[in-house]
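Observations on the model geometry
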There are 2 protein chains.
Amino acid sequence: MKTILILGAGLSSSSLIRYLLEHSAENDWQLRIVDRDLDLVKQKIDGHVNGMALSFNALDSEERRPEIEEADLVISMLPARFHVDVAKDCIELKTNLITPSYISAEMRELDEAAKKAGIVIMNEIGVDPGIDHMSAMKIIHEIQDKGGRLTSFKSFTGGLIAPESDNNPWNYKFTWNPRNVVLAGQGGASCFIRNGEYKYIPYHRLFNRLDYMTIEGYGDFVGYANRDSLSYRTTYGIEDIPTIFRGTLRRPGYCEAWDVFIELGMTDDSYQMVQPNLTPRKFLNAFLPYNPNKTVEVKFREFLGKEREHLYERFEWLDIFDGENQIGLHDASPAEYLQAILEKKLMLDEGDKDMIVMIHEFEYEWKGQQHKITSHMVNIGEDQVYTSMSNTVGLPAAICAKMILTGTLKTTGVTLPIYKEIYQPILKELEEYHIRFIEKEFSPSVSGQ
Amino acid sequence: MKTILILGAGLSSSSLIRYLLEHSAENDWQLRIVDRDLDLVKQKIDGHVNGMALSFNALDSEERRPEIEEADLVISMLPARFHVDVAKDCIELKTNLITPSYISAEMRELDEAAKKAGIVIMNEIGVDPGIDHMSAMKIIHEIQDKGGRLTSFKSFTGGLIAPESDNNPWNYKFTWNPRNVVLAGQGGASCFIRNGEYKYIPYHRLFNRLDYMTIEGYGDFVGYANRDSLSYRTTYGIEDIPTIFRGTLRRPGYCEAWDVFIELGMTDDSYQMVQPNLTPRKFLNAFLPYNPNKTVEVKFREFLGKEREHLYERFEWLDIFDGENQIGLHDASPAEYLQAILEKKLMLDEGDKDMIVMIHEFEYEWKGQQHKITSHMVNIGEDQVYTSMSNTVGLPAAICAKMILTGTLKTTGVTLPIYKEIYQPILKELEEYHIRFIEKEFSPSVSGQ
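Residues numbered from 1 in each chain as written. Chains lettered and ligands numbered in written order. Predicted model: local features only at pLDDT ≥ 70, side-chain atom pairs only at ≥ 80, totals over all residues. Heavy atoms only, no water.

Here's the deal with the relation of the copies chain B and chain A
For the pair chain B and chain A, the relating rotation is 180 degrees, the translation along its axis is 0.0 Å, and the fit reaches an RMSD of 0.1 Å. On this basis, the relationship between the two copies can be described by a two-fold rotation axis. Closest to the rotation axis within chain B is the C-alpha of His204 of chain B, separated from it by 3.4 Å. A shared interface surface links the copies, since 94% of the contact residues of chain B are contact residues in chain A too. (Least-squares fit on C-alpha atoms with pLDDT ≥ 70 in both. Contact = heavy atoms within 4.5 Å.)

Some points on the sheet that holds strand S6 (residues 120-122) of chain B
In a beta sheet, neighbouring strands pair by backbone hydrogen bonds and run either parallel or antiparallel. Residue and element names in this part refer to chain B. Sheet architecture is open: 7 strands sit in the order S3-S2-S1-S4-S5-S6-S15, paired in parallel fashion. In this open sheet, the two edge strands, each paired with only one partner strand, are strand S3 (51-54) and strand S15 (413-415). When the angles between neighbouring strand axes are averaged without regard to direction, this sheet yields 15 degrees. Of the pairings in the sheet, the one linking strand S5 (residues 96-98) to S6 comprises 2 bridges and is parallel in character. Paired with Leu97 across the strands is Ile121, a residue of S6. Against the sheet, helix H16 (residues 388-405) touches strand S1 (2-7), strand S2 (29-34), strand S4 (73-76), S5 and S6, its axis set at about 165 degrees to S5. (Pairing = 2+ DSSP bridges. Helix = DSSP H or I, 4+ residues; strand = E, 2+ residues; numbered from the N terminus. Axes fitted to C-alpha atoms, helices over the stretch in contact; angles between N-to-C directions.)

Examining helix H8 (residues 131-145) of chain B
Residue and element names in this part refer to chain B. Compared with an ideal rise of 1.5 Å per residue, which puts 15 residues at 21 Å, H8 spans 21 Å between its outermost C-alpha atoms and is within 8% of the ideal. Among the 15 residues that make up H8, 11 are buried, leaving the element largely enclosed by the rest of the structure. Among the residues of H8, those classed as buried are Ile131, Asp132, His133, Met134, Ser135, Ala136, Met137, Ile139, Ile140, His141 and Ile143. Two residues or fewer after H8 comes Gly147, characterised by a positive phi angle close to 90 degrees. (Expected span 1.5 Å × (residues − 1). Buried < 20%, exposed > 50% of the residue type's maximum accessible area, 1.4 Å probe, protein only.)

Regarding the domain arrangement of chain A
Residue and element names in this part refer to chain A. Domain annotation for chain A reports domain 1 (2-127 + 387-433), domain 2 (131-257 + 350-386 + 437-446) and domain 3 (272-332). For domain 1 versus domain 2, the distance between C-alpha centres works out to 27 Å. Here domain 1 packs against domain 2, burying approximately 2300 Å² in sum over the two surfaces, 63% of which is carbon and sulfur. Ranking the residues of domain 1 by area buried against domain 2 places Val127, Thr387 and Met389 at the top, with a combined share of 24%. A salt bridge links Asp145 to Lys420, with the shortest nitrogen-to-oxygen separation between them at 2.7 Å. Put simply, domain 1 and domain 2 have 15 residue pairs in polar contact (both at pLDDT 80 or more) between them. Mapped by element, the contributors of at least two residues to the side of domain 1 that touches domain 2 are helix H1 (14-22), helix H16 (388-405) and helix H17 (420-431). The greatest single-element share of the side of domain 1 that touches domain 2, amounting to 6 residues, is contributed by H16. Across the side of domain 1 that touches domain 2, the residue classes tally to 13 nonpolar, 9 polar and 3 charged. (Domains from an automatic or database assignment. Buried area = accessible area lost by both parts, 1.4 Å probe. Salt bridge = Lys/Arg side-chain N within 4 Å of Asp/Glu carboxyl O. Polar contact = N/O pair within 3.5 Å; in protein donor to acceptor, adjacent residues only side chain to side chain. Nonpolar A, V, L, I, M, F, W, Y, C, P; charged D, E, K, R; others polar.)

Here's the deal with the interface of chain B and chain A
On the side of chain A, 31 residues touch chain B, which itself brings 31 residues to the contact. Around 2800 Å² of area is buried between chain B and chain A when both sides are counted, 56% of it from carbon and sulfur atoms. Inspection of the region where chain B meets chain A yields 0 salt bridges. Of all elements in the fold, only strand S9 (197-201), helix H11 (254-264) and helix H13 (296-304) of chain B reach the threshold of two or more residues within the side of chain B that touches chain A. Tallying contributions element by element places S9 of chain B first for the side of chain B that touches chain A, with 4 residues.

Examining helix H15 (residues 334-346) of chain A
Between its first and last C-alpha atoms H15 of chain A spans 18 Å; for 13 residues at 1.5 Å apiece the expected length is 18 Å, and the two agree. Where H15 of chain A is buried, its residues contact helix H9 (178-183), helix H11 (254-264), helix H12 (280-285) and helix H14 (312-317) of chain A.

Description of the pattern of salt bridges
Residues and elements named next belong to chain A. One pass over the structure, following the stated rule, counts 46 salt bridges over all chains. The partner of Arg246 in a salt bridge is Asp132, and the shortest N-O contact between them spans 3.0 Å. Of this pair, Arg246 sits in strand S12 (residues 243-250) while Asp132 sits in helix H8 (residues 131-145); the two residues are 114 residues apart in sequence, bridging distant segments of the chain. The pair Arg246 / Asp132 is uniform in exposure class, with both members buried.

Focus on the packing of helix H4 (residues 61-70) of chain B against helix H5 (residues 83-93) of chain B
All names here are of chain B. Relative to each other, H4 and H5 sit at 45 degrees, their axes nearing to 10 Å. By the angle between their directions, the pair H4 and H5 is classed as oblique. The way H4 lies across H5 gives a crossing that is right-handed. When H4 is examined against H5, the residues Ser61, Arg64, Arg65, Ile68 and Glu69 are found in contact with a partner set consisting of Asp85, Val86, Asp89, Cys90, Glu92 and Leu93. Per-class residue counts for the contact of H4 with H5 are 4 nonpolar, 1 polar and 6 charged. (Parallel < 35°, antiparallel > 145°, perpendicular 65-115°, else oblique. Left-handed = near helix turned anticlockwise from the far one by under 90°.)

Description of unusual backbone geometry
Note that the residue after Asp128 of chain A, namely Pro129 of chain A, is joined by a cis bond; omega there is 20 degrees. One can find Pro129 of chain A in the loop between strand S6 (120-122) and H8. The phi dihedral of Asp46 of chain B falls on the positive side, at around 50 degrees, and the residue is not glycine. By the secondary structure assignment, Asp46 of chain B is in the loop between helix H3 (38-45) and S3. Despite not being glycine, Asn171 of chain B has its phi angle at roughly 50 degrees, a positive value. Counting through the fold element by element, Asn171 of chain B comes out in the loop between strand S7 (149-161) and helix H9 (178-182). Accessibility expressed as a relative area gives 23% for Asn171 of chain B, which makes it partly exposed.

Some details on the pairing of S9 of chain B
All names here are of chain B. Among the 5 residues in S9, 4 count as buried, and that is most of the element. The sheet contact formed by strand S8 (residues 190-194) and S9 spans 5 bridges and is antiparallel. Note on S9: the bridge partner recorded for Ser190 is Ile201. With antiparallel pairing between neighbouring strands as the criterion, S8 and S9 make up a hairpin whose turn holds 2 residues, including Asn195 at a positive phi of roughly 50 degrees.

Regarding the environment of Ser14 of chain B
Residues and elements named next belong to chain B. Structurally, the position occupied by Ser14 is in helix H1 (residues 14-22). Exposure remark for Ser14: the relative accessible area of 2% places this residue in the buried category. Sequence separation between Ser14 and Phe362 is 348 residues; the distance between their C-alpha atoms is 33 Å. Within the structure, Ser14 has its side chain in polar contact with the side chain of Lys44 (distance 3.1 Å).

Brief notes about the sheet that holds S6 of chain A
Residues and elements named next belong to chain A. If you trace the 7 strands from one edge of the open sheet to the other, you get S3-S2-S1-S4-S5-S6-S15, paired in parallel fashion. Each end of this open sheet is capped by a strand with a single partner; those strands are strand S3 (51-54) and strand S15 (413-415). Going from strand to strand, the sheet's axes swing by 15 degrees on average, the running direction of each strand aside. Taken together, the 4 bridges between strand S2 (residues 29-34) and S3 define a ladder with parallel strand orientation. Within S3, the position partnered with Leu31 by the bridge is Gly51.

Okay, structure coming up:
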C-alpha cells in the first residue's frame, strides 16, 4: 500500500483528489488530505474508503513532518511561498513531492539534496505552468529531432467563460480569484523578444498592445503580453530563439475596455482612497477631471473619445454610473473598490462553466524553408467543482503522481515536465479527459521576410 | 561668541554659508562646517576667519556629538533620513536644530522632548517646503484675520532655467538632481480635492492633466499635480477647505512631451534592460511595437499621432534617433538610460542661471462676496554656485538661524515656519535678496457658481 499526502483541498484540488481516489483501489493507494477546512476535505473525499480527512496545520513543520514521514508522495497545493519549506521536510524524510507552482530560485538550490535523498521534486505541473510546458516541448522536440531550427515561439493561455455561459458584454466572468484578475499584469514591465529585438511594455500600455487570434469553432481571441517571456528561453533550452512571446487570452474588446480602468488609475492597489461611502459613480468621478458643468457620463464619454465610444455600454452594464448604492467598502484601495463593483456583475451564475484555452505558434526553418505549426487546446469545465481550471491544474499532477508511485517515472531531483519521458504519457492520458491539442502544420514558404 | 555647526556643505549650503559668514562678525558667530569633501567646505568658507572646515563623519553619532555639544545651533543639510538621529543628539545635548526637510512622523514625536530640553527644532525652512509655507500662511492669516472664509488654495513651485539661459526646445535644463527630475511623480497616485470632490491622478496620466498660468514678464507656465496635496490641509490648519491643489511648474509643452516618455515606459526604474550596448535609437525602439517595414522614426511618429506631432522636434533635438553612439551604460534601468540621454543635452552651459518660480492662488468668501488673491515670486540665480535653488533653500534657514541665535525667536519644540512671528521677519528680509512676492487682489464678484 502507498500513501499520498495532499496538503490543501481548495478549488484546484478537486479534480486531483477525484482522479487519485478513482485510481486508488487498483493501485492500492491511501489518500490522506489536510486542509484548514475539514468539511471541505470530507466533501471532496465524499465517503471514499481510501480517503482520510486530516485537520492539522499543514503550515507547521512540526505538525506535518510525521505525516510526510509516513507518506510515499506529498502533493502540495499550498500557496507557492510554502513549497520550499515543505520540500526541505520531504528531502529530510525522503518523500517524493509534487507542486503545481513555478520553481523558485530557492527550490532550484535543493536539486542536489533531493537527488542525494533519492526523491523527485516535480514542479510546474499544472496548466500554466504545466500543460503549456508539455504541449510546447512536444513540438519543440519534434522540430529539433528532425533537424529544424526554431525561429519563433508564441504561446497564449486564458481562463475564460465557456461559450454556452458567455452572456454579458464583457465576454468574461470571474472563473478564478477576482483579485488576481484585477491586479493582472502589475508589478513591472512586460518583456519579450521579437526577431532579435527586445521589447518592453509598461503596465499602463499592456492592454493596448494586442495580438489577435481565431480558433475554429470557438471564435476570436486577443492576447496581451505576460510579464516575463524571456525566462522561457532557458526553461525550454532555446536560448538563441529570435522571437519568444507569452501572453494571456481574453475575448475581443475586453482588453481595450480593461485598459480604460488602468488608464483611469482604478486598478491601483498601493493606496487607500480617503472618501467614505463611495458609490460606483463617486468612485469613477474621483478619476475624472473636475467639471461642475458636466455629468459623470459626459466626462467619461469624453475620456473614452471617439475611438473608444463603442466601449461605453460595457461600463454602463457594470452599473458604474450608479450614484445610489454604496459599494460597501471603507479605506479600500482603488483595486479593491473596482473588484467589488465587478463582483456584482461578473461572478458565475448557477450552471455556468469555465473554459481554458491555450494556443501555441511555432515557426522554424528546415531544409531552407520556413515552416509554421500551430497547436491549440480548448477545454470546458464539467461544473463549478470540476471546473476546467481544476481539471487542467489537477490532472497533470495526478497523472504524474501515478507515474511516480508506479515506478514509471524514475527521475530524481528538482525538475519540471519538459522531458519526453514525463510529458509524453501525461499528454496522452490527458486526452482521455478532453484535454487535447490540435496541431496544424502550414505549407512551407521560401525562407526570408 | 555663538557657535553654529553646519552638517553638509553641498550645493544647497552655498548661500546659507555665505549669509552666515557675512553676518558672523557683527553677531560674533563662529561657523564649524563638516562635509565628506573637505575641499568643498574650504572652498565655501573661502578663507573667512569665522569659518572652520571640519572633516569628521557627520553620520556617526559618536563623532558628531562633541561638536553638537559645543554648538549653540546645528543646521543639518544632510539627506532627510538622517535628521531624526541628529535631532535626538541635539535634544540630549540641548542644542537648537534647523533642517530644511519635511517633518517626518518620527521627528514630530520628538516635540515634547525638545520642549523639555528647551530647544527649537525648526524644519521645512527651505523653499519647497519653506518659502511656500511662509508666503501662503501670510495670506491665509490675513484672510482669516479679517473674517474671510478660504474656499480654494492652489500652489505651484518650479525649479526652471532662467529666461536668459532658456535656449532649447524643451525650455528646460537640469538645475537640480537629474535623477529626481526623471523619477518625478512616481511612487503613487496624486491626490487633491476640488470643490469637495476628491481626485486621484495615476502617475501615467500625471503629465497629461495640466493647469495653465501666466506671469507678466515671465510668460506662460503649466503645472502638474504633486503627489500629496491633502496633507497641507492639516499643516496649514485649513481642514475644511473645499479645494486644495499643489503642483509643479514647467514651461508649456514640457509636460506633454515628458508624458511621452512615461507612456512609452522610459521612466521606469524598477528593472534592468537586458540588451548590451544600447544606442538611444535601440533604447527608443525597445518601447515601440515591432515592425520590420517601418523605421524607428515612423513608428515614433505614429505613436505620437496627429495631436502630438508638434512635439516630434523636441525628441529629435535630444538625438534620440541616434543609432551610432552608445549610451554607455550597462544593466541599467530605463530611467537610468533616459537620464543619460537627457544629460547630454539638458545640462547647464557655462553662465546659465536657474530660476525658482512660485505661484499661489487663493479664493475666499468675505461679506457675501467671492474674492481672489494671487501671489507669485520669481527668483533668478546669481551664478552656478549661488543658484536660485541655493538662495531660496539656504536664506530662509540662515535668517531663521539669526533669529534663534539673537533671541528674536523664542519658540521651542519641533516646529515649522507657519507662524507669524517666524514668517514675517523672514519674508521681509528675503525681499532684500530679491525673493519677493507680488500679490494681486481681484475685484469681488457675487458669490456662487
